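# Architecture at a glance
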Amino acid sequence: MGASRDGDGDRVVRVLIAVKDLTAAKSRLAAEFSPPDRTRLVLAMLSDTVAAADAVSVVDSVTVVTPDPLVAETARRIGARVFDEPVRDPALPPDERLNHAFSAAAQVLRHGHVGADGRGGSTVAADRVDIIALQADLPAMRSVELAQAYTGARRGGRSLVVDHHGTGTAALILKDSPDELAPLFGRDSAHRHTESGARELDGTWPGLRLDVDTADDVRRAHGLGVGPATAAVLHSLGWSDEASATTA
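Note that the coordinates shown come from a computational prediction; the quantities given were computed from them, not determined experimentally.

On to the overall build of the protein chain. What the protein chain contains, in helices and strands, is 8 helices and 7 strands. The buried share among the 248 residues of the protein chain stands at 52%. Once local pairs closer than 6 in sequence are excluded, the contacts in the protein chain between residues at least 24 apart make up 66%. Accessible surface computed for the protein chain: about 10,700 Å², of which carbon and sulfur atoms make up 51%.

Written out as structure tokens, the structure is:
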């Protein structure tokens, strides 16, 4: 990451990824992965997701918002910016905390009150900054898929990429709009995002749509071809290398 890479003319595109506390992450993988292995897998999937997003030519930066110090350390090591999750109320349900984290970090990335890396705010006008809010567990995502989704997103509003289950949201894109991100991640988020005015994008994009929540999802992603960090973790756990790593 480095110099700004404007897309769609004078737009500045910033990717935002929110990651929950690792103690609560991917509980549905517990039946097939031990807690240490689950942690390794979550961090590997995040690494591959960040790398694929950063390889998109129009993306200016990738920021990870998280309350977890190990996630923050991993994100910094792979070159992402880190924004400490602002916990409005620790008693909030996890989905509300996640959406609050997305909203607060998006405000920072667009308005630049405090730099997402702690080193000062943005010098870009807020109305020039587009936000791609992305799931952290997209190890089979190809950079070209995210690039196509951004290109196809409507100007002047929000668009979403529905996940492979048809109910969740893999990506929420705010493009060329003075409005706020208004994230509604969580149960039935695809329906709630469309009800709130976001437009569903219809590209194929199997890797972008494949957010990993279950062991079956891991197997499906592995079959598509995962990024090198995820591939290394799965190989160490005895998974075969029949599927090739992802490419741009």
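Our next topic: the packing of aromatic side chains. Tallied over the entire structure, the rule returns 2 aromatic pairs. The interplanar angle of 20° and the centroid separation of 6.4 Å between the aromatic rings of Phe33 and Trp239 together place this pair among those described as stacked. Here Phe33 is found in the loop between strand 1 (12-18) and helix 1 (35-54), whereas its partner Trp239 is found in the segment after helix 8 (228-236), with 206 residues between them in sequence. Taking 4.8 Å as the distance between ring centres and 25° as the angle between the ring planes, the aromatic pair formed by Phe102 and Phe185 counts as stacked. Of the two residues, Phe102 sits in helix 3 (residues 94-111) while Phe185 sits in the loop between strand 6 (169-175) and helix 5 (189-195), which places them 83 residues apart along the sequence. Here the two residues Phe102 and Phe185 agree in accessibility, since each one is buried. One cation-aromatic arrangement involves Lys175 over Tyr150; the distance from NZ or CZ to the ring centre is 4.4 Å.

With that settled, consider the layout of surface pockets. Its volume calculated, the largest pocket comes out at about 860 Å³. Considering the residues around the largest pocket, the lining is formed by 28 residues, among which Lys20, Lys26, Arg28, Gln135 and Asp213 are closest to the centre. Where the lining of the largest pocket is concerned, the elements lending two or more residues are helix 1 and helix 3. Looking at the lining of the largest pocket residue by residue, the classes come out as 9 nonpolar, 9 polar and 10 charged.

The interhelical angle for the contact between helix 1 and helix 2 (residues 69-77), taken along N-to-C directions, is 35°, at an axis separation of 10 Å. Classified by chirality, the crossing of helix 2 by helix 1 is right-handed. Contacts between helix 1 and helix 2 involve Thr39, Leu43, Leu46 and Ser47 on the former and, on the latter, Leu70, Val71 and Thr74. When its residues are assigned to classes, the contact of helix 1 with helix 2 shows 4 nonpolar, 3 polar and no charged.

Turning our attention to the nonpolar core. Core analysis: the biggest nonpolar cluster contains 37 residues, and Ile17, Val64, Leu134 and Leu208 have the highest contact counts within it. Secondary-structure elements contributing two or more residues to this core are strand 1, helix 1, strand 2 (59-66), helix 2, strand 4 (129-134), helix 4 (143-152) and strand 6. Broken down by element, the residue count for this core peaks at 6 residues, all from helix 1. Ranked by size, the runner-up nonpolar core spans 25 residues in total, among them Val108, Val124, Ile131 and Leu181.

What follows deals with the confidence of the model for the protein chain. On average, residues of the protein chain carry a pLDDT of 87, and 86% of them reach 70 or more. Within the model, pLDDT remains below 50 along residues 1-7, and this stretch shows 20 contacts once partners closer than five positions in the same chain are excluded. For residues 114-121, every residue scores under 50 in pLDDT, and the model assigns this stretch 15 contacts once sequence neighbours within four places are set aside.

The rules behind these values
Residues numbered from 1 in each chain as written. Predicted model: local features only at pLDDT ≥ 70, side-chain atom pairs only at ≥ 80, totals over all residues. Heavy atoms only, no water. Helix = DSSP H or I, 4+ residues; strand = E, 2+ residues; numbered from the N terminus. Buried < 20%, exposed > 50% of the residue type's maximum accessible area, 1.4 Å probe, protein only. Contact = heavy atoms within 4.5 Å. Areas by Shrake-Rupley, 256 points an atom, 1.4 Å probe, with all protein chains shown as cover. Phe/Tyr/Trp six-rings, centres within 6.5 Å; stacked < 30°, edge-to-face > 60°. Lys NZ or Arg CZ within 6 Å of the ring centre and 35° of its normal. 1 Å grid on protein atoms, 1.4 Å probe; cavity = no way out; pocket = protein on both sides within 12 Å on 5 of 7 lines; lining within 4 Å. Points joined across faces, edges and corners; volume = space filled by probe spheres on them. Nonpolar A, V, L, I, M, F, W, Y, C, P; charged D, E, K, R; others polar. Axes fitted to C-alpha atoms, helices over the stretch in contact; angles between N-to-C directions. Left-handed = near helix turned anticlockwise from the far one by under 90°. Core = buried A, V, L, I, M, F, W, Y, C linked by side-chain atoms within 4.5 Å. pLDDT = per-residue confidence, 0-100.

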